[in-house]
Amino acid sequence: MAASNSSSSPVDDPAVSGFVALMTISGQAQQLLKARMQDTTPAGLGPLHMHALCLCQQQPGAPQQALVQALGRDKGQMARLIRDLEDHGLLTRSTDERDRRVWRLYLTPEGATRSAWFSALEAQVAQDLMGHLSPEDSAQLNRMLHSVQAQLNGLGSEA
């Protein structure tokens, strides 16, 4: 690790200020999404629940472990989230025919309706936040974010 100059603040480092900005923007975007969900989502369900539904819509019958990996949460958090979705009648679980330890996840018809609604809401929020960017700026931002995600994935595998 490189030695830091004691007279400069960590905030002066572009990597640090970029990280702080990314975390702030992420939190604010989550709050905006939550606010827009407020009146039309069952109590106790948030963006993470809806995002999990969308992943299950994209991969019907995916194992519970796929959500753990895709959402970067631990098994306990995912078990509670899945139980919440089941309790609201949006998701069902069934054991894998070949390996009874594996749970397969399927949307109910109501879950499919909610998933489609949330996908449209996410698209609207994305458009509201990023629609002003030029196609070139949008492409550059996506490249940078994918690079950061790849770096995060690499750091996560070290842990």
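For the structure, see preceding data.
Numbering of residues begins from 1 in every chain and follows the order in which that chain's sequence is written. Thresholds applied to this predicted model are a pLDDT of at least 70 for local features of residues and 80 or more for the giving and counting of side-chain atom pairs; totals over whole chains, interfaces and linings are not thresholded and use all residues. By convention in this description, side-chain values take in all heavy atoms of the structure and omit both hydrogens and water.

Topic: the packing of helix α2 (residues 47-58) against helix α5 (residues 109-130)
To keep things clear, this is the line we draw: Geometry is summarised by axes, namely lines fitted to C-alpha atoms with helices restricted to the contacting stretch, and by angles between N-to-C directions that run from 0 to 180 degrees. Numbering goes from the N terminus for both helices and strands, where a helix is a DSSP run of H or I of at least four residues and a strand is a run of E of at least two. Any angle that falls under 35 degrees is termed roughly parallel, while one over 145 is termed roughly antiparallel, one within 65 to 115 roughly perpendicular, and all others oblique. Each crossing gets its handedness from the near helix: less than a right angle anticlockwise from the far helix is left-handed, clockwise is right-handed. Here, residues are in contact when the closest pair of their heavy atoms is within 4.5 Å. Residues are sorted three ways: Asp, Glu, Lys and Arg are charged, Ala, Val, Leu, Ile, Met, Phe, Trp, Tyr, Cys and Pro are nonpolar, and all the rest, Gly among them, are polar.
It is the contact of α2 with α5, at a shortest axis distance of 9 Å, that shows an interaxial angle of 110°. The angle between α2 and α5 places the two elements in the roughly perpendicular class. When you trace α2 past α5, the crossing you get is left-handed. Packed against α2, whose contacting residues are Pro-47, Met-50, His-51, Leu-53, Cys-54 and Gln-57, the element α5 presents Gly-111, Ala-112, Arg-114, Ser-115, Trp-117, Phe-118, Ser-119 and Glu-122 at the interface. Taken together, the residues of the contact of α2 with α5 break down into seven nonpolar, five polar and two charged.

Some thoughts on the packing of aromatic side chains
Heads up, the rule is: A pair of aromatic rings is counted whenever rings of Phe, Tyr or Trp (Trp by its six-membered ring) have centres within 6.5 Å, and the orientation is called stacked for planes under 30 degrees apart, edge-to-face for over 60 and tilted otherwise. Throughout, exposure labels follow a simple rule: accessible area from a 1.4 Å probe, protein chains only, divided by the maximum for the residue type, with under 20% read as buried, over 50% as exposed, and the rest as partly exposed. Two thresholds decide whether a charge sits over a ring: the Lys NZ or Arg CZ must be within 6 Å of the ring centre and within 35 degrees of the ring normal.
The tally for this structure, following the rule as stated, stands at one aromatic pair. With centroids separated by 6.4 Å and ring planes inclined at 50°, the aromatic side chains of Trp-117 and Phe-118 adopt a geometry described as tilted. Phe-118 gets classed as buried once you look at its relative accessible area, which sits at 0%. Looking at Arg-93, its charged tip hangs above the ring of Trp-103, at a distance of 4.5 Å from the centre.

What about the nonpolar core?
To be explicit about the condition: The set of buried Ala, Val, Leu, Ile, Met, Phe, Trp, Tyr and Cys residues whose side-chain atoms join them within 4.5 Å is what this entry labels a nonpolar core.
Membership of the largest hydrophobic core comes to 22 residues, with the highest contact counts inside it found for Met-50, Leu-67, Leu-85 and Phe-118. Those elements giving two or more residues to this core turn out to be α1 (14-37), α2, α3 (64-71), α4 (75-87) and α5. It is α2 that contributes the most residues to this core, six residues altogether.

Examining α2
As a reminder, the rule being used: Residue count minus one, scaled by 1.5 Å, sets the expected span of a helix.
Counted at 1.5 Å a residue, the expected span for α2 with its 12 residues is 16 Å, and the 16 Å between its end C-alpha atoms agrees. All buried positions along α2 are accounted for by Pro-47, His-49, Met-50, Ala-52, Leu-53, Cys-54, Leu-55 and Cys-56. In the core, the buried residues of α2 are packed alongside α1, α3, α4, β1 (91-95), β2 (103-107) and α5.

Details of a nonpolar patch on the surface
Here is the rule we go by: Residues with no salt bridge and a relative accessible area higher than 30% make up the patches, which join like charges within 9 Å and nonpolar side chains (Val, Leu, Ile, Met, Phe, Trp, Tyr) within 5 Å. Surface accessibility follows the Shrake-Rupley procedure with a 1.4 Å probe radius. Residue values consider only the protein chains on display as shielding. Every case where a carboxyl oxygen of Asp or Glu lies within 4 Å of a side-chain nitrogen of Lys or Arg is listed as a salt bridge.
Side chains of Phe-19, Val-20 and Met-23 sit close together on the surface and give an oily, nonpolar patch of about 310 Å² of accessible area. Structurally, Val-20 is set in helix α1. Under the relative-accessibility criterion, Val-20 is labelled partly exposed at 45%.

Here we look at the environment of Ala-116
Inspection of the secondary structure puts Ala-116 in helix α5. Ala-116 sits in the partly exposed class, given a relative accessible area of 49%. The spacing of Ala-116 and Gly-61 is 55 residues in sequence and 18 Å in space, taken between C-alpha atoms.

Thoughts on the packing of α1 against α5
Viewed as axis vectors pointing N to C, α1 and α5 meet at an angle of 130°, and their least axial separation amounts to 11 Å. Between α1 and α5, the angle is such that the two are oblique. In this structure, α1 crosses over α5, and the sense of that crossing is right-handed. The segment α1 lies against α5, with Ala-29, Leu-32, Leu-33, Arg-36 and Met-37 engaging Trp-117, Phe-118, Leu-121, Glu-122, Gln-124, Val-125, Asp-128 and Leu-129.

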